[in-house]
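A look at the structure
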Amino acid sequence: MTRLTKALLLVGGVLLGLSQGYADDSCGYARDGACDEPLLCATDTDGTDCAGVPAEVRAGAPTEAIEDAPLPLDESLPTQLWYPIEWAAWSLYLLPTHFGLDPETTFVWLAIGGVILALYLRRKKGPASTETIRDLVWRAMSPDVRTGDVSEIAEARRQCKHIAGALEKALGERNTKFRIYVDADAVSVPWLRVDCVIRDERGSFLTNLVMDFKPQPFGMIPVLVDFEIDQLGRRRRITSAYEFGSEQIALMAACLGGASPPFRWTGARAREMPWQLTREQQRIALFEAPLMTSARAALKMIGLFAGLALALLAFGAAPAITILVGLGAYLAYRHFHVPPPNYRIVAACPPHPPRDLRGLDSWQTVVRDLGEQRDVVLDRFEAMLADRFSDASEPISIRRENIWYSGAEDKVERQQLALTLRRAIVFVRIDRYGRDLFVGWDAHVNLLSWKDRALQKGYQDGDGLKVELVGIETQYHQINEYDITDANFLLEATHTHLSSLVKDVLREREIDQEVDFSIVRESRQKLIEASPSAANGSRRRFFRKS
């Protein structure tokens, strides 16, 4: 709710209250403290302007008897402070009458409009603007983004893998024919899919489960899960779930196995609508309680009105001096005031970025009679690379990845060695095919990376500091010549060391074979002009398992 909206609501409420207090006033003309028509001011009326008129005049006595009698004035400090406030409020209240409008109706509609505006601003959601230089700098540098396995995205990936393993075990115990597909390492919203084939006396049918694990940066509930499950042709969709214990896993496995009563979710779910009071509400973990924020805003508003009242009182006594003092105070405020900083708290991102790869060069060969030495060759090559790059100043990473893909008959799993240097990635594949050994590599450049995204602003719990919470999402990165340089180095270094290892193994094993070590080159210009996949949602052929 903006400051203008709060001010409109407060002024509207005050003026509506004043209108009720002055609704029945038979002598309310000037509001100057003197009764304009004393003979019309009866004892059962409001009598605001007749406060200083004697009782006999209010009872209907002739006005000549008290024509020269002065009215008593209340000169106490509270009364002197109240007069300017009352005058300013009533001037604002009677302003619509100059335009032929009813004040009460006007301020009622203003209050309603303020409430509607406040609700709109509270519910309005949209992408943060990225047109300022500050946002462009953050997009290029992201100095506050730190990598680690304690982020909400990393937690979503862990939950995805855990639930996939639990479902695989539960369905295996039921002797159900199934396939589980998991994509948890290369995306910001991990997902899994389970397909089952169920047979009975009538024939066979398919059941499936699709789950999306949505990270919730800075939320009390770090991950919310949306899933859709098929039960005998009827699909059930459950949103904002976060409890997946053994009971819930068994319930989903029974539904997928086709041997369960009508599906009814028993796990906990987060609140999505205000009337869902039995569900846990998703709250921001770092923000202070709403009551403290409201109290701070109320104190600021009280101080503002108190200062306005004192300024009006001083202006009535000495207008020129008041204007000079106010101008000097404003200039001093602009010159000496240092506003409190708005701290940025950025959510951590996983150490491995999301992937949308574009292929570069490649090389492969087959070495005969070396299939049994597959593990030995892979271990030697990994140790060779680790020794060569141990003291490198560049962020070169070497790790093994288990990937899977959907084959013609079943899911196929393989292992590859992944070398990464910023956006450059080289996959080394050493696989056994009977007695022969396949050795090869292929280089890629990644088009995706992490970027920060403004979420909410508020006050930090405990110290009341202004904070801006920044989440993490994926962004498309245009490939440039430096990315090509990194990829060229990484693929050339990989090819050099792998070729040397193959030659050594051929010599050690006394294998007489001619090997072509020529690299299959691809166009660099096409790579620079590459565009992201459609909605980044094209199903990739390969998925990392770990």
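Residues numbered from 1 in each chain as written. Predicted model: local features only at pLDDT ≥ 70, side-chain atom pairs only at ≥ 80, totals over all residues. Heavy atoms only, no water.

1. Examining the packing of aromatic side chains
On inspection of all chains with the given rule, the structure shows six aromatic pairs. Aromatic side chains Phe244 and Trp265 sit 5.4 Å apart centroid to centroid with 50° between the ring planes, which places their arrangement in the tilted category. Of this pair, Phe244 sits in the loop between strand S5 (234-241) and helix H7 (246-256) while Trp265 sits in the loop between H7 and helix H8 (290-317), placing them 21 residues apart in sequence. Both residues of the pair, Phe244 and Trp265, belong to the buried class. Taken together, Phe227, Phe244, Phe263 and Trp265 form an aromatic cluster joined through their ring pairs. The side chain of Lys503 reaches across the aromatic face of Phe517, ending 5.0 Å from its centre. (Phe/Tyr/Trp six-rings, centres within 6.5 Å; stacked < 30°, edge-to-face > 60°. Helix = DSSP H or I, 4+ residues; strand = E, 2+ residues; numbered from the N terminus. Buried < 20%, exposed > 50% of the residue type's maximum accessible area, 1.4 Å probe, protein only. Lys NZ or Arg CZ within 6 Å of the ring centre and 35° of its normal.)

2. Topic: the pattern of salt bridges
Using the criterion set out here, one finds 20 salt bridges in the structure. Taking the shortest distance from any N to any O, the salt bridge between Arg235 and Glu228 comes out at 2.6 Å. The exposure class assigned to Glu228 is partly exposed, which follows from its relative accessible area of 25%. Among the charged side chains, a network of salt bridges with common partners joins Glu228, Asp230 and Arg235. (Salt bridge = Lys/Arg side-chain N within 4 Å of Asp/Glu carboxyl O.)

3. Re the nonpolar core
With 38 residues, the main nonpolar core has Leu419, Val426, Val428 and Trp441 as its most contacted residues. Elements that contribute at least two residues to this core include exactly strand S7 (357-367), helix H10 (374-388), strand S9 (411-421), strand S10 (424-433), strand S11 (436-446) and helix H11 (481-508). Element by element, the count of residues in this core is highest for H11, at ten residues. Among all residues touching Val426, those that are not within four sequence positions of it are Leu417, Ala418, Leu419, Trp441, Asp442, Ala443, Leu490, Leu491 and Thr494. Among the nonpolar cores identified, the runner-up in size contains 31 residues, and Ile163, Cys196, Leu256 and Trp265 belong to it. (Core = buried A, V, L, I, M, F, W, Y, C linked by side-chain atoms within 4.5 Å. Contact = heavy atoms within 4.5 Å.)

4. A few points about the side chain of Asp356
With respect to the helices, strands and loops of the structure, Asp356 is situated in the loop between strand S6 (343-346) and S7. Note on Asp356: relative accessible area 5%, which makes it buried. There is a polar contact of 3.0 Å between the side chain of Asp356 and the side chain of Arg358. (Polar contact = N/O pair within 3.5 Å; in protein donor to acceptor, adjacent residues only side chain to side chain.)

5. Let's talk about the sheet that holds strand S13 (residues 466-476)
If you trace the three strands from one edge of the open sheet to the other, you get S6-S13-S12, paired in mixed fashion. The outermost strands of the open sheet, each flanked by one partner alone, are S6 and strand S12 (448-459). For this sheet, the mean inter-axis angle between neighbouring strands, taken without regard to orientation, is 35°. Alignment of S6 against S13, held across four bridges, turns out to be parallel. The residue bridging Val346 from the neighbouring strand is Val470, located in S13. (Pairing = 2+ DSSP bridges. Axes fitted to C-alpha atoms, helices over the stretch in contact; angles between N-to-C directions.)

6. Quick notes on the confidence of the model for the chain
Regions with low pLDDT should not have their predicted coordinates read in detail. For the chain, mean pLDDT is 75; residues scoring 70 or higher make up 71% of the total. Considering only residues more than four positions removed or in separate chains, one finds that residues 18-34, a stretch of pLDDT under 50, has 36 contacts. Contacts of residues 534-539 to residues separated by more than four positions or lying in other chains number four contacts, the stretch itself having pLDDT below 50. (pLDDT = per-residue confidence, 0-100.)

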